[in-house]
Amino acid sequence: MRVLGIDPGLRNLGWGVIEVDGSRLRHIGNGVCHSTGTELANRLLSLHEQLTDVLHKFTPDIAAVEKTFVNKDAVGTLKLGQARGIALLVPAQFGLPIGEYAPNSVKKTVVGVGHADKNQIAHMVKMQLPGVQLAGPDAADALAIAICHAHHQSVNRMKVRA
């Protein structure tokens, strides 16, 4: 099963694809979609097109997106929410089931603590996906989201069997 993790962002939208075979995880690809243009609509369109290309290229079976929360800047939060909409829309257009995870849940699953920093996340992603070359912190976060989703899917499958 291929899992696509997405770390939404208006400037940089991180993505990572892993393959899950039982308890084994294998890195397939990762990167960052950089929005282009100055107008919000064009930036969102740019992210949509780039993420669509990722799904065409890597053909994931399921997707997971990080949830976002309100921060100090209401305008920035609204723009991030619109980028998150693209992160949800594109996998939905491909008919993929989509999981959503709070940042602390992703960190706790991958690192073991809910308040891990970006360096800790990247380190643990590299430990779980040996040989991975990270395209940047946003891509590392996206791979962590994919790992989190794979873990939760595995736990859910075990519950169904019990």
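Note that this is a predicted model, so its numbers are computed, not measured. (Residues numbered from 1 in each chain as written. Predicted model: local features only at pLDDT ≥ 70, side-chain atom pairs only at ≥ 80, totals over all residues. Heavy atoms only, no water.)

Caption draft 1: Summary view of the overall build of the chain. Along the backbone of the chain there are five helices and five strands. What you see in the chain, going N to C, is helices and strands ordered as β-β-β-α-β-α-β-α-α-α. At 15 Å, the chain has a C-alpha radius of gyration in line with the 15 Å of a compact globule built from 162 residues. Taking the principal axes of its C-alpha atoms as reference, the chain extends roughly 50 × 35 × 30 Å. For the chain, contacts bridging at least 24 residues in sequence account for 60% of all contacts bridging at least 6. Accessible surface computed for the chain: about 8,500 Å², of which carbon and sulfur atoms make up 54%. The distance from the centre of the 17 positive side-chain charges to the centre of the 13 negative ones in the chain is 6 Å. (Helix = DSSP H or I, 4+ residues; strand = E, 2+ residues; numbered from the N terminus. Rg over C-alpha atoms; globule rule 2.2 N^0.38 Å. Contact = heavy atoms within 4.5 Å. Areas by Shrake-Rupley, 256 points an atom, 1.4 Å probe, with all protein chains shown as cover. Lys, Arg positive; Asp, Glu negative; His and termini not counted. Charge placed at Lys NZ, Arg CZ, Asp CG, Glu CD.)

Caption draft 2: Representation of helix α1 (residues 40–58) in the model. The first and last C-alpha atoms of α1 sit 27 Å apart over 19 residues, in line with the 27 Å expected at 1.5 Å per residue. Along α1, the residues classified as buried are Arg43, Leu44, Ser46, Leu47, His48, Leu51, Thr52, Val54, Leu55 and Phe58. Buried positions along α1 lie against β1 (2–7), β2 (12–21), β3 (24–34) and α2 (74–93). Positive backbone phi, at 40 degrees, marks Thr59, one or two positions downstream of α1. (Expected span 1.5 Å × (residues − 1). Buried < 20%, exposed > 50% of the residue type's maximum accessible area, 1.4 Å probe, protein only.)

Caption draft 3: The arrangement of the sheet that holds strand β5 (residues 98–101) in detail. The strand order β3-β2-β1-β4-β5 describes an open sheet built from five strands, whose pairing is mixed. With one partner strand each, in any of the chains shown, β3 and β5 form the two edges of the open sheet. Taking the axes of each pair of neighbouring strands and ignoring which way they run, one obtains an average angle of 20 degrees across the sheet. The sheet strands contacting α1 are β1, β2 and β3, and the helix crosses β3 at an angle near 155 degrees. (Pairing = 2+ DSSP bridges. Axes fitted to C-alpha atoms, helices over the stretch in contact; angles between N-to-C directions.)

Caption draft 4: Quick peek at helix α4 (residues 118–128). Listed as buried for α4 are Ile121, Ala122 and Val125. For α4, the angular spread of the buried residues around the axis is 95 degrees, confining them to a single face. Exposed residues lying more than 90 degrees from the buried face of α4 are Asn119 and Met127. Its side-chain oxygen placed 3.0 Å from the backbone nitrogen of Asn119, Asp117 serves as the N-cap of α4. (Arc of directions from axis to C-beta. Polar contact = N/O pair within 3.5 Å; in protein donor to acceptor, adjacent residues only side chain to side chain.)

Caption draft 5: Just the packing of aromatic side chains, in detail. Taken as a whole and judged by the stated rule, the model has one aromatic pair. When the centroid spacing of 5.2 Å and the interplanar angle of 40 degrees are considered together, the rings of Trp15 and Phe58 count as tilted. Here Trp15, found in strand β2, pairs with Phe58, found in helix α1; they are 43 residues apart in sequence, far enough to count as distant. Exposure class is identical for Trp15 and Phe58. Each is buried. (Phe/Tyr/Trp six-rings, centres within 6.5 Å; stacked < 30°, edge-to-face > 60°.)

Caption draft 6: Broad picture of the nonpolar core. Of all hydrophobic cores here, the largest spans 21 residues; its most connected members are Leu4, Ile6, Leu13, Trp15, Leu47 and Leu51. When residues of this core are assigned to their parent elements, the largest contribution, six residues, is made by α1. (Core = buried A, V, L, I, M, F, W, Y, C linked by side-chain atoms within 4.5 Å.)

Caption draft 7: A look at the side chain of Arg84. Relative to the assigned elements, Arg84 resides in helix α2. Judged by its relative accessible area of 13%, Arg84 is buried. For Arg84, the side chain forms a polar contact with the main-chain oxygen of Glu66, separated by 3.1 Å. Beyond its immediate stretch of four places on either side in the chain, Arg84 contacts Pro8, Val65, Glu66, Lys67, Thr68 and Glu100.

In short, the description is geometric, and any link to function would need to be established separately.
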